[in-house]
Amino acid sequence: MAHQDRPRTLLLTGASRGIGHATVKRFSAEGWRVLTCSRQPFDSRCPWPGGEENHIELDLANPEMTIAAIETVKAKLTDGKLDALVNNAGISPKAEGGGRLNTLNTDLRTWGQVFHVNFFAPMVLARGLKDELARAKGSVVNVTSIAGVRVHPFAGAAYSTSKAALAALTREMAHDFGPLGVRVNAIAPGEVETAILSPGTDKIVEKLPLQRLGQPSEVAAAIYFLCSQDSSYISGAEIEVNGAQHV
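The sections below set out a description of the structure shown in this document. Think of each chain on its own: its residues are numbered from 1, step by step along the sequence as written. Totals for whole chains, interfaces and linings use all residues, but because this is a predicted model, local features are given only for residues with pLDDT of at least 70 and pairs of side-chain atoms are given and counted only at 80 or more. With hydrogens and water stripped out, all remaining heavy atoms of the structure feed into the side-chain values.

**Details of the overall build of the protein chain**
When helices and strands are counted, the protein chain shows 7 helices and 7 strands. In this description the radius of gyration comes from C-alpha coordinates, and the expected globular size is given by 2.2 Å times residues to the power 0.38. Taking 247 residues into account, the globule formula puts the C-alpha radius of gyration at 18 Å, and the protein chain, at 17 Å, falls close to it. Along the first, second and third principal axes, the C-alpha atoms of the protein chain reach 50 × 40 × 40 Å. Only protein chains enter the accessibility calculation, which uses a 1.4 Å probe; a residue is then buried when its area is under 20% of its type maximum, exposed when over 50%, and partly exposed in between. Counting the 247 residues in the protein chain, one finds 48% classified as buried. Across the protein chain, contacts joining residues at least 24 apart in sequence account for 71% of those joining residues at least 6 apart. Carbon and sulfur atoms provide 54% of the accessible area of the protein chain, an area that totals close to 12,100 Å². By the counting rule applied here, Lys and Arg register as positive and Asp and Glu as negative, while His and the ends of each chain are not counted. To locate a charge, take NZ of a lysine, CZ of an arginine, CG of an aspartate or CD of a glutamate. Looking at the protein chain, you have 25 positive and 25 negative side-chain charges, and the mean spots of the two groups are 2 Å apart. Helix and strand assignments come from DSSP, with helices taken as H or I runs of at least 4 residues and strands as E runs of at least 2, each series counted from the N terminus. Any pair of residues with heavy atoms lying within 4.5 Å of one another is described as a contacting pair. All accessibility values rest on the Shrake-Rupley procedure with a 1.4 Å probe; residue burial counts only the protein chains present in the view.

**Here we look at the nonpolar core**
Counting residues in hydrophobic clusters, the biggest one holds 33 residues, and the most contacted among them are Leu11, Leu60, Val73, Leu82, Leu85, Val140 and Met173. Contributions of two or more residues to this core are made by strand E2 (33-38), helix H2 (63-76), helix H3 (108-128), helix H4 (130-135) and helix H5 (157-177). Residues contacting Leu85, with those up to four places away along its chain left out, are Leu10, Leu11, Leu125, Ala126, Leu133, Ser139, Val140 and Val141. The criterion is simple. A nonpolar core is a set of buried Ala, Val, Leu, Ile, Met, Phe, Trp, Tyr and Cys residues joined through side-chain atoms within 4.5 Å.

**Notes on the side chain of Ser231**
Structurally, Ser231 can be placed in the loop between helix H7 (216-227) and strand E7 (238-241). Judged by relative accessible area, Ser231 falls into the buried class, the value being 0%. Two N or O atoms form a polar contact when they lie within 3.5 Å of each other; inside protein one atom must be a possible hydrogen donor and the other a possible acceptor, and for residues adjacent in sequence the pair counts only when both atoms belong to side chains. Of note is the side chain of Ser231, whose polar atom sits 3.1 Å from the backbone oxygen of Ser228. Those residues in contact with Ser231 that sit more than four places away from it in its chain are Arg183, Phe225 and Leu226.

Structure below.
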């Protein structure tokens, strides 16, 4: 990548654990400034540079709060440029006892919450920050899921359909943002070793061609690639990061 005097800036949602946490660490190590969004206040156990002042406490299930946060983000950008937006936040509610919520037993309010966080928020943030992304010739990465293309034993119907919709949105955004010089791609993780793994995941892992869980750092590496100049002619793609689970 060409030398830049200014540090590049990433806005990342769902930063507090798992893939999000690994993504912050990767971009920080590469010298990026990372603005983080999550429902939790900043956790001092995440000691990356400037973490606290670069954190925005935000519930993406709340549309008004999400729209208001756009101005907060703009105020934190010193030069009006945003190099990358990574829409990683996602919720996957479970039934009582941790069971799978399907199309027959998911109430409408839950559908709405899931779609606000997993689908509408990425669109609202990208559209609200389109000028800042365009100034930087930036990159948007939407985190979808293996569950977006098949019925999954644990991921519920609202989660899965929201991720399928996000994959379609990625294609539409790549078409619309392209003339602004902004690339839009998705990554679809499979079974990744994070705190939200469900009991029984080991049965899935046995059947994977690579026969192991993915690591959050491996997903973060794919996200970093899509935000770097190494992927400068890739847009509208969805990269499977799943150990060949999709085959």
